[in-house]
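# Remarks on the overall topology
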Amino acid sequence: MFTKGEEAKGMKLSSRKVAYEISHGLGPYFLAKISKSIQSCSFFTLLFDETLNESNKKQLDIHVRFWNCELNAIQQSYVGSEMLFHATASDIDSAIMICMKKANLPIKKLLMLGSDGPNVNKAVFKIFDHRLKSEVGEGLMNVGMCNLHIVHNAFGEGLQLDAFASIIDFLEDIDIWFRKYPSRKEDLIISSQCVDEEVVCNTLRYIYFYGELSRKKDEDLLEIPLKSIMEKENLKYLDVGHEANKILSSIEAAAKRCFKLDAQNFYFSVTSYLLKKLPLKNQLLKSVQVLHPVARKEPVNKTIGVVKRLTKMLSRCVQQEEMDKILDEWRIYVSDEEIKEEWSVEKQPDEDVLQWKNIDAYWGNVLCLNDINIGKKRYYHLSKIVKAALCLSHGQAPVERGFSINKRMMSDRARMAQTTIVGLRLIKDSVKKENVSETVITKEMIHFYREAHSKYKAELLENESKEKKVDNVKKVPECVRKTTQDELHSLKYNVDSAHKLIDEGNKRLEAALKRKSFADVAAAQALITAGNKKLKTS
């Protein structure tokens, strides 16, 4: 940003100015950039999750996943946070809609909601699905809940077995003993150089299991005859890892058999949970696999049906008459000689192993190819399906990483305002993607920076006005009470006066009749009429 560093030497900013430049200047600038990119894309996926932050408030973080037309790749970005008290489906729905309005995200472009598995999030999905159907006629895409949470919960399910109860207790004790005591962690690391600090700090969170299950594909997982396997012992082929086998070789046969039986039961429990919870039969997920570069090596008559099915499932993203054009472009894609192998794989340095590149990077190169004959992109119609399919979320990892950022950011600043939290997150997220030294200071950025103070002052005046209204509302009952009492006094006075007039008129009327004075009778009747009239109006 400052190449020589001279420009920044003389800068002096108060803490308040830094805060409002973040919350009302640079934060909104980067959000406007994201919003502009989303306006130019066809569809986006919204990911959300809530957690208790350092200030003991429920913080709902919202991210978007979309195809960035400038970068020609998938972009995942943080767009805002809302603070919640209760976290019902209605509360979360309202918070998401507020955040979407702030970020200028059009709901008609919403393709999918990504979340973890609690029932409240399923209710939020139904609310948005119904809202979208009423607006565009079709609902949200559904590929199930976050698979990372499913695998994590499956591992927890395996640890619920009685054989692991003592291990869990031991690990929990270790976690509690070291979690908030850096001196204890340091003593342990000094006394045992082979122990890594992160392993000690996060014993429970980062336990990994290896074995036959970790190498299973979804098709293989579906074909596991779990019931028949559980009926008999299969300890001979049970893989518990090389290091574990080395330790087992030094113990008695009975203890070894007991350990392997426990390990087998663990695998059974985990596999049963995965079979039950993973979206292994989801047709949309199965169809999306056709976009993998390796699918080009399959016969075209085998993959063309899958592309057709995928297009029908993503019918919101294309016109009906585009179906044939998409299939024609797929046939060209399968045999396109201009598509290079290095777009999809790269060779690791000092190794003979090839590693797959990101799928969006591969398709970004493919979709840039031009058709010389017609003067436009070669895969113009196919690109709509590809971009929409790659927008689909496959996990909550960005949101979960965001919670870690929140924790580090608020560790010693628990009273930080919501606007400052959102501003900091937006800046951090954007600068991380661009690299702070390469961030270009544009005229638009300068404009947002200059406007920050006026926006901050306007917000203060608005908040002050709201507080006055609240105070006025609190004072209303006292005013009403006083007005009511005055009215009652006035009413009582009027009624009493009316009765006095009527009584006086009756007395005069009686006396006038005795004297047979018609003038006095008329005066008495006038008093009675005035009294009755006063009673009616009171």
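Here's what I pulled together on the structure shown here. Given the structure is predicted, the values throughout are model-derived calculations rather than measurements.

## So, the packing of aromatic side chains
The tally for this structure, following the rule as stated, stands at nine aromatic pairs. A ring pair is formed by Y29 and F30, whose centres lie 5.0 Å apart and whose planes are at 65°; its orientation type is edge-to-face. Each member of the pair, Y29 as well as F30, carries the same accessibility label: buried. Every member of this aromatic cluster is reached through a ring pair, and the members are W330, Y333, Y362, W363 and Y379. Its end group placed over the ring of Y333, R296 keeps NZ or CZ at 5.3 Å from the ring centre. A cation over an aromatic ring shows up here: K376 above the ring of Y380, its NZ or CZ 4.7 Å from the ring centre.

## Topic: the pattern of salt bridges
All told, the structure shown has eleven salt bridges when counted by the stated rule. Among the ionic pairs, E298 bridges to K302, the shortest N-O distance being 3.4 Å. In this structure K302 comes out as exposed when scored by relative accessible area, which is 55%. Across the pair E338 and R378 runs a salt bridge, and its minimum N-O distance is 2.9 Å. Residue E338 is located in the loop between helix 15 (323-334) and strand 5 (345-347), and its partner R378 is located in the loop between strand 8 (376-377) and helix 17 (380-391); the two are separated by 40 residues in the primary sequence. You can call E338 partly exposed: its relative accessible area is 46%. According to the relative accessible area criterion, R378 is buried, its value standing at 14%. Linked by salt bridges that have partners in common, D336, E338 and R378 make up one network.

## Considering the side chain of K260
With respect to the secondary-structure elements, K260 resides in helix 12 (residues 253-277). By relative accessible area, which is 15% here, K260 ends up buried. The contact partners of K260, leaving out residues within four places of it in the chain, are L235, L238, N245 and L248.

## Here's the deal with the packing of helix 16 (residues 359-366) against helix 17
The contact between helix 16 and helix 17 brings their axes to 11 Å, and the two run at 165°. In terms of their interaxial angle, helix 16 and helix 17 are classed as roughly antiparallel. As for the relative orientation of helix 16 and helix 17, their crossing is left-handed in sense. Residue-level contacts link I359, D360 and W363 of helix 16 to L382, V386 and L390 of helix 17. Its residues placed into classes, the contact of helix 16 with helix 17 shows five nonpolar, no polar and one charged.

## Let's talk about the side chain of S383
Among the structural elements, S383 can be located in helix 17. Of note is the side chain of S383, whose polar atom sits 2.6 Å from the backbone oxygen of Y380.

## Some details on helix 5 (residues 147-159)
For helix 5, which comprises 13 residues, the first-to-last C-alpha distance of 19 Å matches the rise-based estimate of 18 Å (1.5 Å per residue) to within 8%. Here helix 5 has its buried residues at H149, I150, A154, F155, G158 and L159. Tucked inside the fold, the buried residues of helix 5 contact helix 6 (165-179), helix 12 and helix 18 (397-409).

## Examining unusual backbone geometry
Despite not being glycine, N72 has its phi angle at roughly 55°, a positive value. The residue N72 is located in the loop between strand 2 (58-68) and strand 3 (73-84) in this model.

## Observations concerning the sheet that holds strand 4 (residues 110-114)
Read across the open sheet, the four strands follow the order 3-2-1-4; overall the sheet is mixed. In the strand order of this sheet, the two ends are held by strand 3 and strand 4, each with one partner. The mean inter-strand angle of the sheet, taken between neighbouring strand axes irrespective of direction, is 20°. Packed on one face of the sheet, helix 4 (residues 119-136) meets strand 1 (44-52) and strand 4 and runs near 170° to strand 4.

## A closer look at the nonpolar core
Ranked by internal contacts, the top residues of the largest apolar core, which has 41 residues, are W330, Y333 and W363. When contributions to this core are tallied by element, the ones reaching two or more residues are strand 4, helix 13 (283-288), helix 14 (300-313), helix 15, helix 16 and helix 17. Here this core spans two domains, since at least three of its residues come from each of domain 1 (12-143 + 392-451) and domain 3 (298-391). For W330, the contacting residues outside a window of four places in its chain are V290, L291, V300, T303, I304, V307, W363 and L382. Counting 33 residues, the second-largest nonpolar core is a separate cluster that includes I34, I96, L110 and L132.

## Focus: helix 12
Side chains that are three or four residues apart share a direction in an α-helix, a result of its 3.6 residues per turn. Spanning 25 residues, helix 12 covers 36 Å between terminal C-alpha atoms, matching the ideal 36 Å at 1.5 Å per step. Buried residues of helix 12: K260, A263, Q264, F266, Y267, F268, S269, V270, T271, Y273 and L274, and no others.

## Here we look at the pairing of strand 3
Most of strand 3 is tucked away: ten of the twelve residues are buried. Where strand 2 folds back on strand 3, the antiparallel hairpin that results is connected by four residues, among which N72 adopts a positive phi of roughly 55°.

## Describing the packing of helix 3 (residues 89-102) against helix 4
The interhelical angle for the contact between helix 3 and helix 4, taken along N-to-C directions, is 55°, at an axis separation of 9 Å. What the angle tells us is that helix 3 and helix 4 run oblique. In the crossing of helix 3 with helix 4, the sense of the turn from one axis to the other is right-handed. Between helix 3 and helix 4, the contacting residues are A89, I92, D93, I96, M97 and M100 on the first element and V120, N121, A123, V124, I127, F128 and R131 on the second. Tallied by class, residues from the contact of helix 3 with helix 4 come to ten nonpolar, one polar and two charged.

Each value, and the rule that gives it
Residues numbered from 1 in each chain as written. Predicted model: local features only at pLDDT ≥ 70, side-chain atom pairs only at ≥ 80, totals over all residues. Heavy atoms only, no water. Phe/Tyr/Trp six-rings, centres within 6.5 Å; stacked < 30°, edge-to-face > 60°. Buried < 20%, exposed > 50% of the residue type's maximum accessible area, 1.4 Å probe, protein only. Lys NZ or Arg CZ within 6 Å of the ring centre and 35° of its normal. Salt bridge = Lys/Arg side-chain N within 4 Å of Asp/Glu carboxyl O. Helix = DSSP H or I, 4+ residues; strand = E, 2+ residues; numbered from the N terminus. Contact = heavy atoms within 4.5 Å. Axes fitted to C-alpha atoms, helices over the stretch in contact; angles between N-to-C directions. Parallel < 35°, antiparallel > 145°, perpendicular 65-115°, else oblique. Left-handed = near helix turned anticlockwise from the far one by under 90°. Nonpolar A, V, L, I, M, F, W, Y, C, P; charged D, E, K, R; others polar. Polar contact = N/O pair within 3.5 Å; in protein donor to acceptor, adjacent residues only side chain to side chain. Expected span 1.5 Å × (residues − 1). Pairing = 2+ DSSP bridges. Core = buried A, V, L, I, M, F, W, Y, C linked by side-chain atoms within 4.5 Å. Domains from an automatic or database assignment.

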